[in-house]
Amino acid sequence: MSAVIRTQNLTKRYQSRNAVEDLNLEVLQGEIFGFLGPNGAGKTTTILMLLGLTEPSSGTVRVLDLDPTRSPLKIKQRVGYLPENVGFYTDLTARQNLRFVAELNGLRGRLVEDRIAAALDRVGLADSGEMRVQAYSRGMRQRLGIAELLLKEPQLIILDEPTLGLDPDGIQGMIGLIRQLCDEQGLSVLLSSHLLHQVQRICDRVGILNRGRLVASGTIAELINRKTAEGVQLSSLEDIYMHYFHAEPGSRDEALGQPANTARS
Amino acid sequence: MWTIFRKELADHFSSVRFLILLCLIVMVTLVITYMVGINLRQELSGGSKPGSVFLLLFTTSGRFFSLSQFIAFFGPLLGIIMGFDAINREQSAGTLSKLISQPIYRDDIINGKFLAGVLTIAVLFTSLILLIAGLGLLTVGAVPGVNEAARLLLYLLVSIAYVSFWLGLSIVFSILFRSVATSALAGVALWIFLAFFTGFCASLVADAVAPVKSRQNPEQVMANRELQQNIGLVSPVHLYTQATSTLLDPYRKTSKQFVLVGTMENISMNRFQNPLSLGQSLLVVVPYLTGLLALTVVCFGAAYICFLRREIRSA
């Protein structure tokens, strides 16, 4: 399986602080990768670097085999991004918002309407297309954000805290939608969150980021099977997370969490 | 870029802000034109008439100011109001992150917004001038000749360029300042300074750098005045008023004033006996136009430098 995202020693420095340090991340095609970490860990910074919205201080990053700093437009044509607090033009209707984004993506004519209808249908907003976004609830706005992503028929979607602020029903719906998109359309998903239960349910693999460093990565099964330095068995994602959250950078516990150096095709 | 252009244009024309501005400007111009028209009719009813009556509509003062003065001092406000929240409103609404993650160039965002503003201003001004011309025809009864119509067209173009400069400046402020209120305030502050206080500051600086120790020494006086003039060139309001007064008043001499002659000679020398042709007027006006365009380009340069490499987070 080929990697849709591959970074090597990716570092981003702000003045005296390393927001992201020596990040070696790999996301494979067709999988849902959970990017976990506390607030301020560097998740959003990494995502910005993946999209070419920020320049890395050092290291390399390849998304769909393209360099974001050299060909950002090509990447943005193929990658959908749902930011943390997605905004819409509230005085326009949902369809008008989608039409605007579709045209920005280079779609014209009949194709625009077809894709809008398909996207709204996919996220369950087909009946609310003519409503102004002002009247949309938070859950509906998140779904509209996903509909916007789907307009360009991306190969990879990056979601920054997609379930933040949703009620339990909305969270279920969002998770189900993401899983469906991955299964049915073969989309690769990079999901950044700090809500562990949801991540646990849909992610194939996870990576735990703390203070800019990737302290653990692998499938949840792999991580659960590892023991800590003291020999304690970690039995749930929450345990894993709390353990690595408190691990000192550079300690043996951290090394335990690093992905094995197996060559991937 | 044209997608953004079309959306911004629709936003402008459907916004309440634009409607209020439109009503205000139309009201003021209608009132002034009517008053000026009536006055002109009365003044010119006897005796020989000067060559270009029609343009006098724009340069004669009504109760407080003439139309060209009105546009010179309040046009910037129009430009500022249309552009002061261009980028920072999108940032606070969260739509800017969405825009820049689409496959478009970042400068397309600025260019699209600017062009939409320019077109709105152009439509507004063209309708305004046509309205004034129509009303003038009704009240004064003077029909513009080809020369006057050409001058009017040039006046229209220069006015649009002038207000577009202020639009560009307010877009730069909206990029520099996060808060919408701050960028509006900065624009208005700069406008007030440049419109009302430049002359005063220019004379202050000139007196500091090249003081006139004795009025009898012509070189000192000349140097002082030269410096004042040159400092004045920095202000777009000054550039605009100089350019348009030459365009609209073909009898007016060039802007460099003679300082050594007394008051009476000044008055009689101030006006030509025969009007300047259009080509000559243009020649006088071109340096000022170049100055205006240069200022606009500088503004855009500043906008690009700030915006193109900035990191934009949605939170």
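Here is a short report on the structure shown in this document. Here the structure is a predicted model, which is why all the values come from computation and not from measurement. Every chain begins its residue count from 1, and numbering advances along the sequence as written. By the order in which they are written, chains take letters starting at A while ligands take numbers starting at 1. Given that this is a predicted model, residues contribute local features only at a pLDDT of at least 70 and side-chain atom pairs are listed and counted only at 80 or more, while totals for whole chains, interfaces and linings are drawn from all residues.

Below, the discussion takes up the overall build of chain B. Note on conventions: DSSP H or I runs of at least 4 residues are helices, E runs of at least 2 residues are strands, and numbering of each starts at the N terminus. The helix and strand tally for chain B stands at 13 helices and 0 strands. Walking chain B from its N terminus toward its C terminus, one meets helices and strands in the order α-α-α-α-α-α-α-α-α-α-α-α-α. Per-residue burial for chain B yields a buried fraction of 33% across its 315 residues. The contacts in chain B between residues at least 6 apart in sequence include a share of 80% that link residues at least 24 apart. The exposure label follows from counting other C-beta atoms within 10 Å of a residue's C-beta, where the C-beta atoms are placed from the backbone and the thresholds are 20 or more for buried and 12 or fewer for exposed, leaving partly exposed in between. The contact rule is simple: place each C-beta atom from the backbone, and if two of them lie within 7 Å, those residues are in contact.

Any nonpolar core is a set of buried residues, restricted to Ala, Val, Leu, Ile, Met, Phe, Trp, Tyr and Cys, that join up through C-beta atoms within 7 Å. Judged by nonpolar contacts, the single largest core of 73 residues is most densely connected at Ala147, Ile158, Val189 and Leu191 of chain A. The dominant element in this core, judged by the number of residues it contributes, is helix α3 (residues 94–104) of chain A, at 6 residues. Not counting residues up to four positions away in its chain, the partners in contact with Ile158 of chain A are Ile47, Leu50, Val79, Tyr81 and Leu190 of chain A. Counting 55 residues, the second largest nonpolar core, distinct from the first, contains Val36, Phe125, Ala195 and Tyr288 of chain B.

Bringing the sheet that holds strand β10 (residues 213–219) of chain A into the picture now. Residues and elements named next belong to chain A. Any two strands with at least two DSSP-identified bridges between them are counted as paired. With mixed pairing, the 6 strands of this open sheet are ordered in space as β6-β7-β8-β4-β9-β10. Here the strands that pair on one side only, and so sit at the sheet edges, are β6 (79–82) and β10. Neighbouring strand axes in the sheet, compared pairwise and without regard to direction, differ in orientation by 15° on average. Examined bridge by bridge, strand β7 (residues 156–160) and strand β8 (residues 188–193) share 5 bridges and lie parallel to one another. Considered in β8, the bridge of Asp160 is made with Ser192. Along the sheet, helix α9 (residues 237–246) makes contact with β4 (32–36), β9 (205–210) and β10, crossing β9 at roughly 30°. Orientation is described by axes fitted as lines to C-alpha atoms, over the contacting stretch for helices, and by angles from 0 to 180 degrees between their N-to-C directions.

Residue and element names in this part refer to chain B. The interhelical angle for the contact between helix α7 (residues 106–139) and helix α8 (residues 146–176), taken along N-to-C directions, is 145°, at an axis separation of 9 Å. The two elements α7 and α8 cross, and the hand of that crossing is right-handed. Between α7 and α8, the contacting residues are Ile110, Lys113, Phe114, Gly117, Val118, Ile121, Ala122, Phe125, Thr126 and Ile129 on the first element and Leu152, Leu156, Ser159, Ile160, Val163, Ser164, Leu167, Gly168 and Ile171 on the second. Classification used: nonpolar for Ala, Val, Leu, Ile, Met, Phe, Trp, Tyr, Cys and Pro, charged for Asp, Glu, Lys and Arg, polar for all others including Gly. Tallied by class, residues from the contact of α7 with α8 come to 13 nonpolar, 5 polar and 1 charged. Crossing handedness: left-handed means the near helix sits turned counterclockwise from the far one by under a right angle, and right-handed means the same turn made clockwise.

This part is about unusual backbone geometry. All names here are of chain A. The backbone phi angle of Asp22 is positive, close to 50°, even though this residue is not glycine. Following the sequence through the fold, Asp22 ends up in strand β2 (residues 17–23). The exposure class of Asp22 is partly exposed, given the 15 C-beta atoms found within 10 Å. The phi dihedral of Glu161 falls on the positive side, at around 50°, and the residue is not glycine. Judged by the 20 C-beta atoms lying within 10 Å of it, Glu161 is buried.

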